[in-house]
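Descriptive analysis of the structure
One letter stands for each residue in the lines below.
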Amino acid sequence: MGNFIGGLGLPSSCAAPAAHIQHCFSPQTWIEGAALQQLGNVAALPGVTSVAAFPDLHPGKYGPTGIAVLSERLHPQLIGNDIGCGMSLFELDLPLRKLRIDKAVECLRRTEAEDIDPHAALAASDLPTDLYPDALGTIGGGNHFCELQAVDQTDAAGEGLFDRQKLYLLVHSGSRGLGAFVFGQMLDFQSAVTAGLDPESAAGKDWRRQHDICVTWASLNRRLIAERAASALRSEARLVADVPHNLVRDRADGFVHHKGSAAVRAGDVAPIAGSRASLSYVVRALNGTGLSLGGISHGAGRKYDRATMHGRAGRNRSERDALLRNAWGGQLICDDRNLVIEEAAPAYKDAGQVVQDLADAALVVRLAAMKPLVTYKKAMEGPPDRTRKNPSRERMARRANHGRD
Ligand SMILES: Nc1nc2c(ncn2[C@@H]2O[C@H](COP(=O)(O)O)[C@@H](O)[C@H]2O)c(=O)[nH]1
Ligand SMILES: [Mn+2]
């Protein structure tokens, strides 16, 4: 067996003819060489027939982020552990003029303490009521967030859709420990890592069934986070858009794997996140997405990895203090000093350029630019502890191994 390359687990000796790669970004966009190498590896995976790469493309642990991949086989490794991760945008029935940022910070800090009934929510979503109930309505670590936003600018195509007097919530989260558990099981199954899964095999069907559960759970999670945040702000949240970016979708000619690419259909409204100290955008997907495998960017994408950021930002106390505020008077809630640095705005590409590239490729039309007012980020979490006893995890394992009970 050959060497493993690019973190993809693809043996270098299985050199299949690489699939066509559609580059949906301009020369102005920063793309790391390592990401392009990983992209080439993806195109050579068994069963892969077409790949689209978006301007937020950057290297990842198991392959690049910012891609859509059409394949006749299922490749769980392309999706990774945060199955169903996505961005959801909500409008709050709270006027911007009433906002006191310091007060909102205190309220949003209590987001995860707000009362919810996870069992009832799971039942209403046709999910088992014991499926990671304690994790529901929680943001998770890393670059997941819950952010209070206001409209900075509306574009002609977005006129009437966004209210400059209102507040909005952008929630980025996924399937938490549930997705990590499903992916962890897959990593134990080495052949899936290298060759992917036959969708008709028992293992393929099993992963797909668990994947679908994770996608539903993750969407519910974002909704409950928004409900909690809205309740902490004494307000109600109305869903504007819920767009997952780590999942598989069916097509007549195979399976489209979205890894860090928003899964859209023409006409859909989708958020494209920037950073906590730069603008995020809302776009409408155009017919051109038929040619990009139904994918567009969901964020700006990383420019610098976490380790590199420690030499670039927050090098002294005043720099670190400055990282807690932004140009719109916005504030960051984050108790993890490392995360404050690793997630600083310069860690990310320019979301404005990302949107411009997508518009130039006739994939989207811009609707609005949104400014960050309060961003809530949670401390980084370690890798999932797969040995700890957890009743709902064990039930999930039983389901995975023996089918539905
Ligand atoms: N508005 C904000 N956007 C943010 C923040 N932190 C990160 N980001 C953007 O989200 C995506 C998430 O990428 P993923 O690969 O983890 O799904 C990232 O590309 C950034 O552009 C934030 O605090 N606020
Ligand atoms: Mn994500």
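Structure report, in brief. (Residues numbered from 1 in each chain as written. Chains lettered and ligands numbered in written order. Predicted model: local features only at pLDDT ≥ 70, side-chain atom pairs only at ≥ 80, totals over all residues. Heavy atoms only, no water.)

1. Focus on the sheet that holds strand 5 (residues 65-71)
Taken in spatial order, the 5 strands make up an open sheet running 3-4-5-11-10, and their pairing is mixed. Only two strands of the sheet have a single partner each, and these edge strands are strand 3 (20-23) and strand 10 (246-251). Taking each pair of neighbouring strands and ignoring which way they run, the sheet shows an average axis angle of 15°. Seen against the sheet, helix 7 (residues 202-232) touches strand 10 and strand 11 (254-259) and runs at an angle of roughly 120° to strand 10. (Pairing = 2+ DSSP bridges. Helix = DSSP H or I, 4+ residues; strand = E, 2+ residues; numbered from the N terminus. Axes fitted to C-alpha atoms, helices over the stretch in contact; angles between N-to-C directions. Contact = heavy atoms within 4.5 Å.)

2. Topic: the coordination of the manganese ion (ligand 2)
For the manganese ion (ligand 2), every protein donor is listed as Cys85 (SG), His172 (NE2) and His245 (NE2), and the spread of their distances is 2.2 to 2.5 Å. Each donor residue of the manganese ion (ligand 2) belongs to the same chain, and together they define the spacing C-x86-H-x72-H. Taken together, the positions of Cys85 in the loop between helix 2 (76-79) and strand 6 (86-95) and His172 in strand 8 (residues 166-173) put the pair 87 residues apart, joining distant regions of the chain. Residue Cys85 shares its accessibility class with His172, and that shared class is buried. (Donors = N, O, S within 2.8 Å, 3.2 Å for Na, K, Ca; no water. Buried < 20%, exposed > 50% of the residue type's maximum accessible area, 1.4 Å probe, protein only.)

3. Quick word on the side chain of Thr29
Note that Thr29 resides in the loop between strand 3 and helix 1 (33-43). Looking at Thr29, its side chain comes within polar contact range of the side chain of Asp357, at 2.4 Å. Leave out the neighbours within four places in its chain, and Thr29 touches Pro55, Lys349, Gln353 and Asp357. (Polar contact = N/O pair within 3.5 Å; in protein donor to acceptor, adjacent residues only side chain to side chain.)

4. A word on the packing of aromatic side chains
On inspection of all chains with the given rule, the structure shows 3 aromatic pairs. Ring centres of Trp30 and Tyr304 lie 5.8 Å apart, and the angle between their planes is 70°; this geometry places the pair in the edge-to-face category. Of this pair, Trp30 sits in the loop between strand 3 and helix 1 while Tyr304 sits in the loop between strand 15 (295-297) and helix 8 (306-309), placing them 274 residues apart in sequence. Residue Trp30 is classed as partly exposed on the basis of its relative accessible area, which comes to 40%. Assessed through its relative accessible area of 18%, Tyr304 is described here as buried. Relative to Phe183, the ring of Tyr62 has its centre 5.2 Å away and its plane inclined at 75°; by these criteria the two rings are edge-to-face. Of this pair, Tyr62 sits in the loop between strand 4 (48-58) and strand 5 while Phe183 sits in helix 5 (residues 176-187); the two residues are 121 residues apart in sequence, bridging distant segments of the chain. Directly above the aromatic system of Trp30 lies the positively charged group of Lys303, at a separation of 4.7 Å from the ring centroid. Between Arg312 and the ring centre of Tyr304, over which it is positioned, the NZ or CZ distance is 3.6 Å. (Phe/Tyr/Trp six-rings, centres within 6.5 Å; stacked < 30°, edge-to-face > 60°. Lys NZ or Arg CZ within 6 Å of the ring centre and 35° of its normal.)

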